[in-house]
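Below, each chain spelled out in residue letters.
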Amino acid sequence: MSLATLLAPVAELLRRSVVQVRVGAAGGAGVVWDAEGAVVTNAHVAQAARVTVVRPDGAAVPGEVERLDSRRDLALVRAAVGLPPVRTADPAGLRPGELVFAIGHPMGVNEAVSAGVFQALGPLPDGLVPTRPGRRQRWVQADVHLAPGNSGGPIADAHGRVIGISAMIAGGLALAVPSTDVRAFLSRRRPLGVAVRPVPARADVPCGLRVDHVVTGSPASDAGVAPGDILVAAAGSPLESADDLARAVALTGPDDWLSLDVVREGRWQRRQARITGSRS
């Protein structure tokens with residue numbers, strides 16, 4: 001059986017959850033993320049407060065841009081699309097060489113599919129894409145052909161589970177925002193309640209995040225985190241950027257506890273912050 005024959009039914013299922021997002025004559029793709037009308041796309045696609053969302057059957061519905069993160073190139077659009085949400089998977093579970101595929105509307109060709117292989121998950125070499133100091137973003141990197149119109153669409157594994165949102169091409173590779181980062185972006189749980197900045201490693205402390213401010217009554221405050229503390233790990237994972245901390249919070253279940261490894265005046269401590277399900 002050919003690769004195309006194996007991929008066709010999986011791609012067809014995913015197509016049902018991929019839309020077009022238009023601002024005037026320009027646009028890209030979008031992914032139906034949940035049953036409540038959340039459509040995820042790129043910030044550079046949704047460049048207006050109101051957009052048009054086009055279903056796979058050609059029906060157009062109005063959409064409202066609810067949230068943007070231009071740095072991460074993500075946008076949340078609310079639209080009554082009435083389509084099934086996608087299934088997602090953590091790209092960290094993929095091995096280099098595994099089959100992946102993208103769906104979008106390149107060069108005006110609706111719902112086109114391009115297949116390739118997963119290469120890596122992680123930051124890119126300095127200078128390949130613009131980043132802020134201290135914030136080396138992770139990307140799903142895949143040998144998949146993308147073109148204008150693919151932006152905002154899914155990159156999925158061989159089971160049709162979305163592992164990232166297509167964003168750009170760099171160094172000949174397709175780059176996508178990891179699905180775990182999308183979940184962090186969409187999370188509306190009570191925030192941890194700290195203002196942090198990266199600090200370099202030193203003899204007694206590895207790289208981490210210095211706490212500059214703690215919001216009174218926040219989960220961090222309740223856990224005993226204080227200004228001047230260095231957060232070095234969350235849920236056992238090292239912290240190198242504020243994105244790492246936001247991701248750990250987003251992946252903590254409603255009303256679950258998030259363990260924080262803290263260094264205070266050279267002494268290591270472990271704090272437990274309860275991340276409630278209340279709206280921010």
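Before reading on, note that the structure itself is shown above.
Residues numbered from 1 in each chain as written. Predicted model: local features only at pLDDT ≥ 70, side-chain atom pairs only at ≥ 80, totals over all residues. Heavy atoms only, no water.

Thoughts on the overall build of the protein
Move 1: Check the secondary structure of the protein and you find 4 helices and 18 strands.
Move 2: Relative to the globule expectation of 19 Å for 280 residues, the C-alpha radius of gyration of the protein, 20 Å, shows essentially globular dimensions.
Move 3: Referenced to the eigenvectors of the C-alpha coordinate spread, the extents of the protein come out at roughly 60 × 35 × 35 Å.
Move 4: Counting only residues that meet the buried cut, the protein has 48% of its 280 residues in that class.
Move 5: Long-range pairs, those at least 24 residues apart, make up 58% of the contacts in the protein with a sequence separation of at least 6.
Move 6: Roughly 13100 Å² of accessible area belongs to the protein as shown, and the carbon and sulfur atoms make up 52% of that amount. (Helix = DSSP H or I, 4+ residues; strand = E, 2+ residues; numbered from the N terminus. Rg over C-alpha atoms; globule rule 2.2 N^0.38 Å. Buried < 20%, exposed > 50% of the residue type's maximum accessible area, 1.4 Å probe, protein only. Contact = heavy atoms within 4.5 Å. Areas by Shrake-Rupley, 256 points an atom, 1.4 Å probe, with all protein chains shown as cover.)

Regarding the side chain of Asp244
Move 1: Along the chain, Asp244 turns up in helix 4 (residues 242-250).
Move 2: The residues contacting Asp244, other than those within four sequence positions of it, are Pro238 and Leu239.

Let's talk about the nonpolar core
Move 1: Leu14, Trp33, Val40, Phe101, Ile165, Val182 and Leu186 are the most contacted members of the largest nonpolar core, which totals 27 residues.
Move 2: Taken together, the elements giving at least two residues each to this core come down to helix 1 (3-15), strand 2 (26-32), strand 3 (38-41), strand 6 (74-79), strand 7 (99-104), strand 11 (162-170), strand 12 (173-178) and helix 2 (179-186).
Move 3: Beyond its immediate chain neighbours, meaning those up to four positions away, Ile165 contacts Val31, Trp33, Val40, Asn42, Gly152, Gly153, Leu175, Ala176, Val177 and Val182.
Move 4: The next biggest cluster of nonpolar side chains, apart from the first, holds 18 residues, and it includes Leu231, Val249, Ala273 and Ile275. (Core = buried A, V, L, I, M, F, W, Y, C linked by side-chain atoms within 4.5 Å.)

Re the sheet that holds strand 12
Move 1: Here 6 strands make up a closed barrel; going around it, the order is 7-8-9-12-11-10 and the pairing antiparallel. Strand-to-strand, the axes of this sheet are offset by a mean angle of 45°, without reference to chain direction.
Move 2: Sheet topology places strand 9 (residues 139-143) next to strand 12; 3 bridges connect them, and they run antiparallel. Counted as the bridge partner of Val140 is Ala176 from strand 12.
Move 3: Contacts from helix 2 reach strand 11 and strand 12, with the element oriented near 40° to strand 12. (Pairing = 2+ DSSP bridges. Axes fitted to C-alpha atoms, helices over the stretch in contact; angles between N-to-C directions.)

Digging into the sheet that holds strand 5 (residues 60-69)
Move 1: The strand order around the closed barrel built from 6 strands is 1-2-3-6-5-4, with neighbouring strands paired in antiparallel fashion. Sheet twist, expressed as the average angle between the axes of neighbouring strands with direction ignored, equals 40°.
Move 2: As paired strands, strand 5 and strand 6 are joined by 6 bridges and run antiparallel to one another. What sits directly across from Val65, in strand 6, is Val77.
Move 3: Lying over the sheet, helix 2 contacts strand 3, strand 5 and strand 6, oriented at roughly 60° with respect to strand 6.

Examining the packing of aromatic side chains
Move 1: One pass over the full model with this rule turns up 0 aromatic pairs.
Move 2: Positioned above the aromatic ring of Trp139, the side-chain terminus of Arg72 is 4.9 Å from the ring centre. (Phe/Tyr/Trp six-rings, centres within 6.5 Å; stacked < 30°, edge-to-face > 60°. Lys NZ or Arg CZ within 6 Å of the ring centre and 35° of its normal.)

Observations concerning the pairing of strand 14 (residues 208-214)
Here is the key point about a regular strand: its side chains alternate between the two faces of the sheet.
Move 1: Bridge count between strand 13 (residues 194-199) and strand 14: 6 bridges; the pairing is antiparallel. When the sheet's bridge partners are listed, Val199 is paired in strand 14 with Gly208.

Some remarks on the environment of Ala242
Move 1: Here Ala242 is to be found in helix 4.
Move 2: Placed 90 residues apart in sequence, Ala242 and Gly152 show a C-alpha to C-alpha distance of 24 Å.

Considering the pattern of salt bridges
Move 1: Counted under the stated rule, the structure contains 12 salt bridges.
Move 2: Arg95 is the partner of Glu98 in a salt bridge, and the nearest nitrogen-oxygen pair spans 3.5 Å.
Move 3: With a relative accessible area of 27%, Glu98 lands in the partly exposed category.
Move 4: Residues joined by salt bridges that share partners form a network here, namely Glu12, Arg15 and Glu111. (Salt bridge = Lys/Arg side-chain N within 4 Å of Asp/Glu carboxyl O.)

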